Amino acid sequence: MPDSSAATQPRRSLSAWLIGLAIAALIWVFLFSHLSDAADAVIALLRLSRDTHLGEAVHFFVLDTPNILLLLVAIVFVMGIVQTYFSPGRTRALLHGRRVGVGNVLAASLGVVTPFCSCSAVPLFIGFLSAGVPLGVTFSFLISAPMVNEVALVLLFGLFSWKIATLYLAMGLAVAIVSGLIIGHLGMERHLEDWVRKIQATQELEHVVATTTWTERFEFGWVHVRQIFGRVWLYVVLGIALGAVIHGYVPEDVMASVMGKDAWWSVPVAVVLGVPMYTNAAGIIPVVQALIDKGAALGTVLAFMMAVIGLSAPEILILRKVLKPRLIAVFVGVVSVGIMIIGYVFNAVI
């Protein structure tokens, strides 16, 4: 909720908010739709080539940094407005339903239709937490959104078959739902960073007086952006920088050499190799195809893909601002086990 200093400032009128938001939306859409052109222009200005490791790394960083920061602002602002309609308790009840696990199923299903990479899913994850959504439910979304989105499914269908895409969907959702249930059952809310818990506690008290006007809703959305963005933007930039270095310099041939069909240890090794990397489904699936063409096992490569897009090091670096180390370790451990099971199942049935 707005702090006391914000409350003493003169409020903008509704018309001023609508005009300002319309202009901001146009600027946002323009910037978002020209990010690729801007990245290409930077590469040309620096006289780099994307055929080089450095050029690809710089292009990745220049493209993804404003991409994720723009998403962060938009999502956090919208989530702030949504919070004026639903108190944390009401949101919790809506997602949980009357039976255990319904909230996890809903959150994981929401993740399927949101084509976010792991880093751009984090802002909505933070928004859920600050709205009072249960911890396990938020993790079901965070796992599902990058790992089982429609981009991955369509590309898997196009490159392989509908059977593989369907099996991937079913098992990916199972990992997201079960992992969320396990984390929720462990009751690790105390391992959220103190500033997140403080926002949750403050909103529980301040929702007693409901926000009723659109002017107040817009004001709360903006304060929400200032609170969240100010705390996480540096972690976002550092995370993407790490991802850019890895994205530009890690060779495919090295990975293919340890993903053969016979070695039982190839699946856990693929997961270990995938976790430090970072890209989205559209970026990693062509790599998946190349690895399979070089003789790597499908289940092993899919385990690698799921680790890359669902458990990236940049995502973990960003989450460190929100979660304490023990909760991050549980998250990585539970999801890694689920991904390895999927890898072994695919290798056994395909």
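Remember, predicted model here, so these are calculated numbers, not experimental data. (Residues numbered from 1 in each chain as written. Predicted model: local features only at pLDDT ≥ 70, side-chain atom pairs only at ≥ 80, totals over all residues. Heavy atoms only, no water.)

This paragraph deals with the pattern of salt bridges. Throughout the structure, instances matching the rule amount to 1 salt bridge. A salt bridge links R50 to E56, with the nearest nitrogen and oxygen atoms 3.1 Å apart. Look at E56 and you get buried, because its relative accessible area is 17%. (Salt bridge = Lys/Arg side-chain N within 4 Å of Asp/Glu carboxyl O. Buried < 20%, exposed > 50% of the residue type's maximum accessible area, 1.4 Å probe, protein only.)

In contact at an axis separation of 8 Å, helix α14 (residues 266–274) and helix α16 (residues 298–310) are set at 25° when each is read in the N-to-C sense. It follows that α14 is roughly parallel to α16 by the angle criterion. The handedness of the crossing between α14 and α16 comes out as right-handed. Note on element contacts: α16 touches α14 through T300, A303, F304, A307 and V308, opposite S266, V267, A270, V271, L273 and G274. Split into classes, the residues belonging to the contact of α14 with α16 amount to 8 nonpolar, 3 polar and no charged. (Axes fitted to C-alpha atoms, helices over the stretch in contact; angles between N-to-C directions. Helix = DSSP H or I, 4+ residues; strand = E, 2+ residues; numbered from the N terminus. Parallel < 35°, antiparallel > 145°, perpendicular 65-115°, else oblique. Left-handed = near helix turned anticlockwise from the far one by under 90°. Contact = heavy atoms within 4.5 Å. Nonpolar A, V, L, I, M, F, W, Y, C, P; charged D, E, K, R; others polar.)

In the predicted model, the protein chain carries a mean pLDDT of 77, and the fraction of residues at 70 or more is 74%. The low-confidence segment residues 1–8, where pLDDT is below 50, has 9 contacts with residues more than four positions distant or belonging to other chains. Predicted confidence is poor over residues 204–209, with pLDDT under 50, and the contacts of this stretch with residues over four places away or in other chains come to 10 contacts. (pLDDT = per-residue confidence, 0-100.)

Attention shifts here to the packing of α14 against helix α18 (residues 325–349). Contact pair α14 / α18: the axes reach a minimum separation of 9 Å and the direction vectors enclose 135°. Accordingly, the angle class assigned to the pair α14 and α18 is oblique. When the axes of α14 and α18 are compared, the crossing they make is right-handed. Contact residues: V267, P268 and V271 in α14; S336, I339, M340, G343, Y344 and N347 in α18.

The full count for this structure, using the stated rule, is 5 aromatic pairs. Between the aromatic rings of W28 and F32, the centroid separation amounts to 4.8 Å while the plane-to-plane angle is 5°, which identifies the pairing as stacked. Placement of the pair is W28 and F32 together in helix α2 (residues 14–33), with a separation of 4 residues, close to one helical turn. Under the relative-accessibility criterion, W28 is labelled partly exposed at 23%. Classification of F32 as partly exposed rests on a relative accessible area of 32%. Seen from their ring centres, W214 and F218 are 5.4 Å apart, and the 40° between their planes marks the pair as tilted. Placement of both W214 and F218 in helix α12 (residues 214–249) is noted, with a separation of 4 residues, approximately one turn of the helix. (Phe/Tyr/Trp six-rings, centres within 6.5 Å; stacked < 30°, edge-to-face > 60°.)

Counting 76 residues, the largest nonpolar core has F125, F139, Y168, L323 and F331 as the members making the most contacts within it. If one sorts the elements of this core by residue count, α16 sits on top with 10 residues. Once residues lying within four places of it in the same chain are set aside, the contact partners of F139 are F125, G180, I183, L323, L327 and F331. (Core = buried A, V, L, I, M, F, W, Y, C linked by side-chain atoms within 4.5 Å.)

Here the focus is a nonpolar patch on the surface. Where nonpolar side chains cluster on the molecular surface, the patch consists of I19, I23, I27, F30 and L31 and spans about 490 Å² of accessible area. Relative to the helices and strands, I19 resides in helix α2. Relative accessible area serves as the criterion here: at 54%, I19 is assigned to the exposed category. (Patch = residues over 30% accessible without salt bridge, like charges linked within 9 Å, V, L, I, M, F, W, Y side chains within 5 Å. Areas by Shrake-Rupley, 256 points an atom, 1.4 Å probe, with all protein chains shown as cover.)

Residue placement: S179 occurs in helix α10 (residues 162–186). A polar contact is formed between the side chain of S179 and the backbone oxygen of V175, at a distance of 2.7 Å. Those residues within four positions of S179 in sequence are excluded, and the remaining contacts are I143, A174, V334 and V335. (Polar contact = N/O pair within 3.5 Å; in protein donor to acceptor, adjacent residues only side chain to side chain.)

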